[in-house]
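Structure at a glance
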Number of protein chains: 2
Amino acid sequence: MGSTERIRNVAQRVAKWHGAGHQVIVVPSAMSGETNRLLGLAKEISSQPSPRELDMLASTGEQVSVALLAMALQALGKDAVSYAGWQVPVLTDSSHTKARIRSIESSRVQRDLDAGKIVIITGFQGIDEHGNITTLGRGGSDTSAVAVAAAMKAQECLIYTDVDGVYTTDPRVVPEARRLNTVTFEEMLEMASLGSKVLQIRSVEFAGNYRMPTRVLSSLTDPLIPLEEEARSGTLISFEEDTKMEQATITGIAFSRDEAKITVMGVPDRPGIAYQILGPVALANIEVDMIIQNQSVEGRTDFTFTVPRGDYARALETLDSSVKAHIGAANIIGDTKVSKVSVVGVGMRSHVGIASQMFRTLSEEGINIQMISTSEIKISVLIDEKYMELAVRALHKAFGLETA
Amino acid sequence: MGSTERIRNVAQRVAKWHGAGHQVIVVPSAMSGETNRLLGLAKEISSQPSPRELDMLASTGEQVSVALLAMALQALGKDAVSYAGWQVPVLTDSSHTKARIRSIESSRVQRDLDAGKIVIITGFQGIDEHGNITTLGRGGSDTSAVAVAAAMKAQECLIYTDVDGVYTTDPRVVPEARRLNTVTFEEMLEMASLGSKVLQIRSVEFAGNYRMPTRVLSSLTDPLIPLEEEARSGTLISFEEDTKMEQATITGIAFSRDEAKITVMGVPDRPGIAYQILGPVALANIEVDMIIQNQSVEGRTDFTFTVPRGDYARALETLDSSVKAHIGAANIIGDTKVSKVSVVGVGMRSHVGIASQMFRTLSEEGINIQMISTSEIKISVLIDEKYMELAVRALHKAFGLETA
C-alpha cells in the first residue's frame with residue numbers, strides 16, 4: 001500500500017466486494033517504502049542486527065497498514081476490525097526473518113465475519129510458540145494472504161499487485177510479452193521459483209497445498225470499476241488443467257538474474273558425498289537450486305550447485321570452514337555472474353523436442369550453456385548473465401509466445 | 001527517544017548501569033515525532049478514527065524503539081531482548097487510548113534478568129482481556145516505567161526526560177525557578193496533576209501506590225558521566241517526609257493553562273443533583289477537576305466545575321443532550337479562557353496563613369479569583385488565563401522560592 005490516498009482506494013475496493021454480499025478478509029502489506037525505512041533504521045544502529053529484533057521492528061509496518069485500513073473502511077461506514085498476526089493467531093516456526101506458517105486459528109476471524117465485519121490481518125508476520133513475533137521475509141504478505149484464505153476456506157484469494165497479471169515473460173525484457181488469463185498451479189510454481197517476481201514462491205506453494213484458486217490482479221485500476229469486470233481481470237492460478245483455455249506448448253519464459261555458481265573440485269566419488277557438501281549449506285538456511293555432479297575421473301569428481309547470489313559469500317564460507325577439509329576436496333571455485341533462464345509449460349509433457357528447440361535457439365545466438373536442469377514442465381539453463389536478456393527474447397520468439 | 005544517534009546514547013547509558021552490576025529494565029518511549037506522525041496518518045484517513053484502531057496504530061511507535069534499542073545494546077556486546085506490552089504481558093482495562101494498567105506479569109522478565117539480559121519493554125501500551133492492544137494515552141511511557149519497576153520490585157525507577165528535574169515552577173515562566181533535590185510523593189502528585197509536565201499524573205500515582213522511589217533526571221547529559229554523579233542527579237520523589245532536605249513552607253507553584261469552566265445554572269437544590277450532572281460527564285471519560293456549588297437561592301443553585309479545555313465541547317454536548325432537560329436546569333454557560341494556579345507544599349500543613357498570603361499576593365496584582373479549591377498540601381485558584389504568568393511569577397516571589 002502506498003500513501004493514505006492509496007489506503008482509501010483499497011478501502012473503496014474492499015467495500016465494493018463487501019457491499020456485493022461477500023465476506024471479506026484483507027491482508028495488506030506495509031505502506032510503500034515503510035519496510036525499507038525500518039530496516040534502514042536498524043542498519044544505522046547495527047551492522048548485524050539480531051533477527052528476532054529485526055522481526056520486532058519490521059512487523060510494525062504492516063500493523064500500521066491494518067489500523068489505517070480499518071479506519072478507512074470505518075470512514076466508509078463499514079464495520080471493520082484489524083488484527084496483528086499474533087492476535088489471530090498466525091502460528092509460525094521460530095526462523096526469524098524467514099519464518100514459515102504452521103497454522104492459522106480461524107475462530108475469532110470467523111466470528112467477526114459472521115457478524116458482518118470486514119477483517120483486516122497483518123501480512124508478513126506471525127508468532128512462534130514462545131510468543132515471539134516472527135516475519136516471513138520479503139513478499140511474505142502474499143503468503144499470508146493465501147494462507148489466511150486457505151484457513152478460512154475462502155472461495156478465491158485475490159492478490160492485488162503492481163502488475164495486472166502473469167505474463168509469458170517479463171515485459172520489461174520482451175515488450176511483446178502477453179498476459180495469461182490462466183496458468184496452472186504447477187506452471188505458476190515454476191514461474192515464481194524461477195524468478196517471475198509476481199508472486200512469492202511460498203504463496204504459490206500454499207495455494208497449491210490447499211488448492212486455493214488465486215487471482216493475481218492490478219491494484220492500480222480504478223477501485224470503482226464494475227465488480228464483474230474486476231472479478232475476471234488479471235491471471236487466475238487454476239487447479240483444473242483441462243479448463244485451461246490456452247493450450248500452447250510453452251506457457252512462459254522465466255528467468256532469475258541473481259544466481260551464483262559454486263563448484264567443489266576434486267571430490268572423492270563415494271556415497272554420501274552430496275549430503276556432506278549440501279547438508280551444512282542447508283543448515284545455514286541457504287537454498288540450493290541446480291545441482292550437477294560430473295562423471296568421476298580416477299575416483300574424483302566435481303560437484304557444482306547454484307545459490308541465490310546474496311547467499312554466495314556465506315555459502316563459500318560454510319564450505320571453507322566445515323566441508324572442504326572434512327571431505328578432502330581439492331579446491332572450491334565460484335562464479336557470481338550467472339543467470340538462469342527457463343521455459344515452462346504443462347504442454348511440454350506431451351510434446352517432444354522442446355529441449356532441442358531451446359538448445360538450438362540459444363546456440364544460434366552464440367550463448368553457451370553452463371548447466372542444465374529439467375522437470376516435467378520446465379527446462380532451465382544457467383548462462384553468463386550478460387546474455388540473459390538476449391536468451392529470453394530469443395526463446396520468447398522461438399516458442400511463438402507473443403501470438404499464442 | 002530521538003534519532004538513532006539518540007538511541008545509541010541511551011544504549012550507552014543503559015550499558016553503564018548494567019556494567020556496574022545492576023539488573024536493568026528499560027521502558028523507552030517512541031522516537032521523537034513518531035507518535036505524531038502516526039496520528040497524522042490516522043487524521044488523513046478519518047476525522048473520527050476508532051480508538052481501538054488508533055491504539056493498534058500508535059503502539060507501533062514504541063515497538064520500533066524497543067527493537068532498535070535492543071539492537072543498539074547488542075551492538076555494544078550486551079545481551080538484550082525486547083518485548084511489546086502484550087508479550088510481557090502488561091494487562092490493562094479496555095479503555096482504548098486511555099487504558100489503565102491492571103497487572104504486569106513478572107516471570108518472563110525476571111527469567112531474562114536472572115540470565116543476565118537487559119530487558120526492554122514498550123512503554124505506553126498493554127493488552128486487554130480480549131487480546132486487543134491498548135494504549136495509556138500521552139505520556140504513558142512514564143506510567144509504564146513506574147508500573148514495571150513496581151511489578152519487578154526495582155530499587156529505583158529512573159525517568160529520563162528532557163528536563164533535569166522538578167522545579168519550583170516552570171522556568172520558562174519564572175527564570176528564577178530552582179531545581180528541587182527531593183519532593184515528597186504527595187507534592188509531586190499535586191505538581192503533576194496541576195500541570196507540571198515533568199511526569200504524567202498516573203506515573204506518580206503508581207509510584208505512590210507501590211512506594212516506588214522514582215527519580216526524574218535528564219536524558220541530555222553525556223551518557224558516560226560517572227555513575228555516582230548520575231545516580232544523585234535530578235529530583236528524587238521520596239516517601240520519607242523526614243528525610244526531606246528542604247523544609248520550605250511551599251515547595252512549588254504549579255499551573256495548568258488549558259482549563260475550561262462550565263456552569264449549570266438554575267439547578268434544583270436537592271440530593272443527588274451533583275451525581276446527575278457529573279455522572280454522564282464521567283461516563284464520557286472526561287475528567288472533572290474543581291467543583292463548586294453555590295448556596296441555593298429559592299431552591300435553585302448554580303453548579304460549576306472545570307474540565308480539560310480539550311474536553312470542553314464534548315462535556316457541553318453531554319450536558320445538553322442528557323442532563324439539562326432531565327434535571328430541569330435553566331441554562332448552561334462556559335468559559336474556555338481560564339487557567340489554574342496552585343501553591344503546593346507539605347510544609348503547608350503546619351503553617352497557617354498560606355491561603356491568606358496567596359490571596360493577598362493575587363489581589364495586589366489585581367487578579368480576580370474565580371474559583372478556589374484546597375487540599376491538605378495545596379491551594380488552587382482559577383483565574384483569567386491572561387493573568388496566569390503574572391500570578392505564577394508573583395507567587396513564586398512572594399513565597400521566596402528562588403532562594404529557599
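All residue numbers refer to position in the chain's written sequence, counted from 1. Both sets of labels track the order of writing: A upward for chains, 1 upward for ligands. Only residues with pLDDT of at least 70 get local features here, since the model is predicted, and only at 80 or more are side-chain atom pairs given and counted; chain-wide, interface and lining totals rely on the full set of residues.

Here we come to the overall build of chain A. Summing up its helical and strand segments, chain A has 13 helices and 17 strands in all. In this setup the radius of gyration rests on C-alpha atoms only. A globule is expected at 2.2 Å times the number of residues raised to 0.38. Here chain A has a C-alpha radius of gyration of 23 Å; the compact-globule value for 404 residues is 22 Å, and the two agree. Taking the principal axes of the C-alpha coordinates as reference, chain A spans close to 75 × 50 × 35 Å. Here chain A, with 404 residues, has 49% of them falling under the buried criterion. In DSSP terms, a helix is any run of H or I states spanning at least four residues, a strand is any run of E spanning at least two, and both are numbered starting from the N terminus. Between the buried cut of 20 or more and the exposed cut of 12 or fewer other C-beta atoms within 10 Å of a residue's own C-beta lies the partly exposed class, and all C-beta atoms are placed from the backbone.

All right, on to the interface of chain B and chain A then. Here, residue contact means that the backbone-derived C-beta atoms of the two residues sit within 7 Å. Facing 28 residues of chain B, the contacting portion of chain A comprises 28 residues. Mapped by element, the contributors of at least two residues to the side of chain B that touches chain A are α1 (4-19), α2 (34-45) and α3 (51-75) of chain B. For the side of chain B that touches chain A, the residue count by class is 16 nonpolar, nine polar and three charged. Classes in brief: Ala, Val, Leu, Ile, Met, Phe, Trp, Tyr, Cys and Pro nonpolar; Asp, Glu, Lys and Arg charged; the others, Gly included, polar.

Turning to the sheet that holds strand β13 (residues 291-293) of chain A, a few remarks are in order. Residue and element names in this part refer to chain A. Pairing is antiparallel across the open sheet formed by six strands, whose spatial order is β13-β14-β12-β15-β17-β16. Pairing within the sheet leaves two strands with one partner each, and these edge strands are β13 and β16 (371-375). Adjacent strand axes in the sheet meet at a mean angle of 25° when their direction is disregarded. Between any two strands, pairing holds if DSSP finds at least two bridges. Looking at chain direction, strand β12 (residues 252-268) and strand β14 (residues 300-308) are connected through eight bridges and run antiparallel. Directly across from P268, in β14, lies its bridge partner R300. For helices, the fitted line uses only the C-alpha atoms of the stretch in contact; every axis is such a line through C-alpha atoms, and the angle between N-to-C directions lies from 0 to 180 degrees. Along the sheet face, helix α10 (residues 312-322) touches β12, β14 and β15 (331-344) and points at about 135° away from the line of β15.

We place the copies in one frame by least squares, fitting the C-alpha atoms of every residue whose pLDDT is at least 70 in both. By a simple turn and slide, chain B fits onto chain A: the slide is 0.0 Å along the axis, the RMSD is 0.1 Å, and the turn is 180°. Here the symmetry operator amounts to a two-fold rotation axis. For chain B, the minimum C-alpha distance to the rotation axis belongs to B:T60 and amounts to 2.7 Å. Counting the interface residues of chain B, we find that 100% of their copies in chain A are interface residues as well, pointing to one common contact surface.

Attention now moves to helix α1 (residues 4-19) of chain A. It helps to recall that an α-helix has 3.6 residues per turn; residues three or four apart then point in one direction. By this rule the span expected of a helix is its residue count minus one, scaled by 1.5 Å. With 16 residues, α1(A) should reach 22 Å at 1.5 Å per residue; the first-to-last C-alpha distance of 22 Å fits that figure. Looking at α1(A), one finds that the buried residues are A:I7, A:R8, A:N9, A:V10, A:A11, A:R13, A:V14, A:A15 and A:H18. Along its buried surface, α1(A) packs onto β1 (25-26), α3 (51-75) and β5 (118-121) of chain A together with α2 of chain B. Positive phi shows up at A:G21, right after α1(A), with a value of about 100°.

On to the sheet that holds β5(A). Residues and elements named next belong to chain A. Taken together, three strands build an open sheet; the order of strands is β1-β5-β2 and the sheet is parallel. The sheet terminates laterally at β1 and β2 (80-83), the two strands that pair on one side only. Lying over the sheet, α3 contacts β1, β2 and β5, oriented at roughly 175° with respect to β2.

Time to look at α3(B). All names here are of chain B. In a regular helix each residue adds 1.5 Å, so 25 residues correspond to 36 Å; α3 covers 37 Å between its end C-alpha atoms and thus fits that length. Where burial is concerned, most of α3 is hidden: 22 out of the 25 residues are buried. Looking one or two places after α3, you find G77, whose phi comes out positive at around 90°.

What follows concerns the nonpolar core. Working definition: the nonpolar core is a set of buried Ala, Val, Leu, Ile, Met, Phe, Trp, Tyr and Cys residues, joined through C-beta atoms within 7 Å. Of all hydrophobic cores here, the largest spans 235 residues; its most connected members are A:L68, A:L69, B:L68 and B:L69. Element by element, the count of residues in this core is highest for α3(A), at 13 residues. Contacts of A:L68, omitting those with residues within four sequence positions, involve A:T4, A:I7, B:L41, B:A42, B:I45 and B:L57.

All names here are of chain A. Residue ranges assigned to the domains are those given by an automatic or database domain assignment. As assigned here, chain A comprises domain 1 (4-242) and domain 2 (252-398). A straight line from the C-alpha centre of domain 1 to that of domain 2 covers 31 Å. Counting residues at the interface gives 17 residues for domain 1, matched by 18 residues for domain 2. Looking at the side of domain 1 that touches domain 2 element by element, the count peaks at four residues for helix α6 (residues 185-193).

On to the environment of A:A42. By the element assignment, A:A42 lies in helix α2 (residues 34-45). Since 22 C-beta atoms lie within 10 Å of it, A:A42 is described here as buried. Along the primary structure A:A42 and A:Q155 are separated by 113 residues, whereas in three dimensions their C-alpha atoms are 39 Å apart. In contact with A:A42, other than residues within four places in its own chain, are A:P49, A:L54, A:L57, B:L68 and B:M71.

Our next topic: the packing of helix α5 (residues 140-151) of chain A against helix α7 (residues 201-209) of chain A. All names here are of chain A. One way to put it is that α5 packs onto α7 with a least axis distance of 7 Å and a crossing angle of 15°. Comparing their axes, α7 and α5 come out roughly parallel. Of the two possible hands of crossing, α5 and α7 adopt the one that is left-handed. Contacts from D142, T143, A145, V146, A147 and A150 in α5 reach R202, S203, F206 and A207 in α7. For classification purposes, angles smaller than 35 degrees are called roughly parallel, those larger than 145 roughly antiparallel, those between 65 and 115 roughly perpendicular, and all remaining angles oblique. Handedness of each helix crossing follows the sense of rotation of the near helix against the far helix: counterclockwise by less than a right angle gives left-handed, clockwise gives right-handed.

It is worth spelling out unusual backbone geometry at this point. Leaving glycine aside, a negative phi is the common case for residues, and trans is the common case for peptide bonds. Residues and elements named next belong to chain A. Residues V88 and P89 are joined by a peptide bond in cis, for which omega reads -15°. The residue P89 is located in the loop between β2 and β3 (90-92) in this model. Of note in this structure, K153 is not a glycine but carries a positive phi near 50°. Residue position: K153 is located in the loop between α5 and β8 (157-161).

This next bit is on the pairing of strand β10 (residues 214-218) of chain A. Residues and elements named next belong to chain A. The buried fraction of β10 is high, at four of five residues. With five bridges connecting them, β8 and β10 associate as parallel partners. Considered in β10, the bridge of C157 is made with T214. Taken together, the three bridges between β10 and strand β11 (residues 235-238) define a ladder with antiparallel strand orientation. The partner of R215 across the bridge, within β11, is L236.

Attention now moves to the confidence of the model for chain A. Per-residue confidence from the predictor is reported as pLDDT, a score between 0 and 100. In this model, chain A carries a mean pLDDT of 90, and residues with pLDDT of at least 70 account for 96%. Overall fold confidence for the complex sits at a pTM of 0.77, while the interface term, ipTM, reaches 0.74.

Below, the discussion takes up the packing of helix α12 (residues 354-364) of chain A against helix α13 (residues 388-398) of chain A. Residues and elements named next belong to chain A. Where α12 meets α13, the axes come as close as 10 Å, and the angle between the chain directions of the two elements is 130°. If you check the angle between α12 and α13, you find them oblique. Like other packed secondary-structure pairs, α12 and α13 cross with a definite hand, here right-handed. The segment α12 lies against α13, with Q357, M358, T361 and L362 engaging A391, A394, L395 and A398. A breakdown of the residues in the contact of α12 with α13 according to their chemical character gives six nonpolar, two polar and no charged.

Moving on, we come to the environment of A:V119. By the element assignment, A:V119 lies in strand β5. Aside from chain neighbours lying at most four places away, what touches A:V119 is A:I25, A:V81, A:Y83, A:V109, A:D112 and A:L113.

Right, let's talk about the pairing of strand β14 (residues 300-308) of chain B for a bit. For a regular strand, the rule is simple: side chains alternate between the two faces of the sheet. Residue and element names in this part refer to chain B. Sheet topology note: the strand β13 (residues 291-293)/β14 ladder contains three bridges and is antiparallel. Bridged to I292 within β14 is T304. Remark: six residues form the turn of the hairpin made by β13 and β14, two consecutive strands paired antiparallel; E298 in that turn has positive phi of roughly 55°.

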